[in-house]
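Residue-level structural notes
Below are the chains, spelled out letter by letter.
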Amino acid sequence: MTPRVLHLLHLSAGEEPTLACRAALDIPGFTHELWTIGPASAAADAWPGLDSHPRLTPPLGNPLLAWRASRALARDRRRRNAAPDLVQCWSPSAYALARTTFGRYTPVVVLATTDPTHRTVDDAPPSWSAGSLLRMAPTTVVMRLSHWEAWLHVGAGDVRLLPPPVPAPPASPAGAPARRDLRRMLGIDAADDATTVAVGLLADPAPTGDARRFSFIMGLLHTVGRRVVGVVPRGCGVMRPAARFVRAHGRRWGLVESPLPMTAIAHAIDAAVWPGRHGGAALAAAYAAAGVPVVCADSADEIAAAVAHIPGAVPPVAARDAEMRSIAASLLPLVEAATSGSRATPAADHRSAPAGPSFQSVLAEIWRERLSPPGTNPFRAAAHPLTGATAR
């Protein structure tokens, strides 16, 4: 019998979990079902057709408060002999709901796109507790080596490293707004379109982004005579101070919040910045696969390896460090190339990065392992994803 995998997607957890979920739904050999957590407007924004799946709308936006509706859905699945064999939670915030609904005996895999101690730029704690994951000991999957090490450091017993999912980049998505329409939506007039460069901030979850630092980088580019507009995800951190900073300088460069997910406007962006401190690896890989040059504050090699096998992908640019001046210096040749009507090709050494196993193949193997017969030890020590050494 084909194993049944239930996907729990909390729509407020960021854009990266949505990209990962979309890729996982195409994994063959499993029967997939998707439940979304969040309002209908968020489902419509995430991707077309998502609002057709069962949706849980918890009070106050807290996934745990949707337990009555989720238990009702679970009872219905059991009556129809369609109970899940494994629950894939696409964020730690969905994990508590999974345990409340299905108990301790249904295998659970959780995607964590940030490290266990992360806070937003406004110093707000996350809406989930790393301790809850450690107490219940599910399989935690991450998409960055630094996050793998951080989760092991706080005591997680079973942590796996996934390559970021890379969607196939369509040349012109059917039914999607044209580049000029997207740029007009971002406030770039048609008369200024040829001379204005749009730079995107790939921060995920959005509150972890620092719009104030990003607006300073845009100001540095303006001082060397470049007309730029910075585009940040909706809900980006410290947006009000950033807007005041731009206003205090006479709005000589632009700073706008994207009304759409950042992946939906990739065709309107000329260059992008990935801060790299928290999540967003999947966004950076998606932009690179779509041919948009990305400046990475760190971990550029991880993104390069993810897109090395994709024709037309642009390898990322590694900034010297995470300082604003270093990022601006790495952005400048990309901005100059976009102003001249072409995109700069970053250094070719990143193109030689070998293509590793795909996101789907690694995740499918983890699912099969969790579904294996009793007798395997889910609390075994984790092996280092690169060296194979066992953590102690």
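Along each chain, residue indices are assigned from 1 in the same order as the chain's sequence is written. Only residues with pLDDT of 70 or above have their local features reported here, since the model is predicted, and side-chain atom pairs are shown and tallied only from 80 upward, although totals for entire chains, interfaces and linings are computed over all residues. Note: side-chain values were computed over all heavy atoms of the structure, leaving out hydrogens and water.

1. Concerning the environment of Ala271
On the secondary structure map, Ala271 appears in strand E11 (residues 271-274). For the pair Ala271 and Val295, spaced 24 residues apart in sequence, the C-alpha separation works out to 7.9 Å. Contacts between residues were defined by any pair of non-hydrogen atoms, one from each residue, lying within 4.5 Å. The contact partners of Ala271, leaving out residues within four places of it in the chain, are Ala198, Val199, Gly200, Val292, Pro293, Leu331 and Leu334. Secondary structure follows DSSP: runs of H or I at least 4 residues long count as helices, runs of E at least 2 residues long count as strands, and numbering of each begins at the N terminus.

2. Remarks on unusual backbone geometry
Following Asp204, the chain continues to Pro205 via a peptide bond in cis, the omega torsion being -5 degrees. Inspection of the secondary structure puts Pro205 in the loop between strand E8 (196-201) and helix H8 (211-223). The phi angle at Asn81 is positive, at roughly 55 degrees, despite the residue not being glycine. Here Asn81 shows up in the loop between helix H3 (67-79) and strand E4 (86-89). Categorising residues by exposure relies on relative accessible area from a 1.4 Å probe, with only protein chains included: less than 20% of the type maximum marks a residue as buried, more than 50% marks it as exposed, and the intermediate range marks it as partly exposed. Residue Asn81 is classed as exposed on the basis of its relative accessible area of 69%. Its identity is not glycine, yet Val238 carries a phi of approximately 45 degrees, on the positive side. Secondary-structure assignment places Val238 in the loop between strand E9 (227-232) and helix H9 (239-248). Assessed through its relative accessible area of 9%, Val238 is described here as buried.

3. A closer look at the confidence of the model for the protein
Per-residue pLDDT for the protein has a mean of 81; in total, 80% of the residues score no lower than 70. The quantity called pLDDT is the predictor's confidence in a given residue, expressed from 0 to 100. Low pLDDT, under 50, characterises residues 170-175; the stretch is placed with 3 contacts to residues that sit more than four places away or in other chains. Scored below 50 in pLDDT, residues 375-382 shows 16 contacts in the model against residues more than four places distant or in partner chains.

4. A closer look at a positive patch on the surface
Two distance rules govern patches: like charges are joined within 9 Å, and nonpolar side chains (Val, Leu, Ile, Met, Phe, Trp, Tyr) within 5 Å, applied only to residues with over 30% relative accessible area and no salt bridge. Where accessible areas are quoted, they stem from the Shrake-Rupley method and a 1.4 Å probe; at the residue level, only the protein chains shown are allowed to cover. Within this document, salt bridges are pairs made up of a side-chain nitrogen of Lys or Arg and a carboxyl oxygen of Asp or Glu, the two lying within 4 Å of each other. Positive: Lys, Arg. Negative: Asp, Glu. His and the chain ends are not part of the count. Where a charge lies is defined by one atom per residue type: Lys uses NZ, Arg uses CZ, Asp uses CG and Glu uses CD. Together, Arg212, Arg240, Arg244, Arg247 and Arg251 make up a region of like positive charge exposed at the surface. At 3 residues, the largest contribution of residues to the positive patch is made by H9. One can find Arg247 in helix H9.

5. Observations regarding the pairing of E8
Counted residue by residue, E8 has 6 buried out of 6 residues, so it is predominantly covered. Residues Thr196, Ala198 and Gly200 line one face of E8 and the alternating positions Val197, Val199 and Leu201 line the opposite face, and both faces are buried. Note on the crossover from E8 through H8 to E9: the handedness is right-handed. In this analysis, strands are considered paired if DSSP registers two or more bridges between them. Both E8 and E11 contribute to a ladder of 3 bridges, which runs parallel. Bridge pairing in E11 links Gly200 to Ala272. Here the term right-handed applies to a crossover when the path leading from its first strand over the helix to its second strand runs clockwise, the strands being oriented away from the viewer.

6. Observations regarding the nonpolar core
In this description, a nonpolar core means a group of buried Ala, Val, Leu, Ile, Met, Phe, Trp, Tyr and Cys residues linked to one another through side-chain atoms lying within 4.5 Å. Core analysis: the largest hydrophobic core is formed by 56 residues, its most contacted members being Trp90, Leu202, Tyr287, Phe359 and Trp367. With 8 residues, the single largest contributor to this core is helix H10 (residues 281-289). The contact partners of Tyr287, leaving out residues within four places of it in the chain, are Leu202, Met262, Thr263, Ile265, Ala266, Ile269, Ala272, Val292 and Val294. Core analysis: the second largest hydrophobic core is formed by 29 residues, Val199, Leu201, Val273 and Leu331 among them.

7. Some remarks on helix H4 (residues 92-102)
Most of H4 sits out of view: 9 of its 11 residues are buried. Regarding H4, the residues found buried are Pro92, Ser93, Ala94, Tyr95, Leu97, Ala98, Arg99, Thr101 and Phe102. One or two steps after H4, the chain reaches Gly103, where phi turns positive at roughly 75 degrees.

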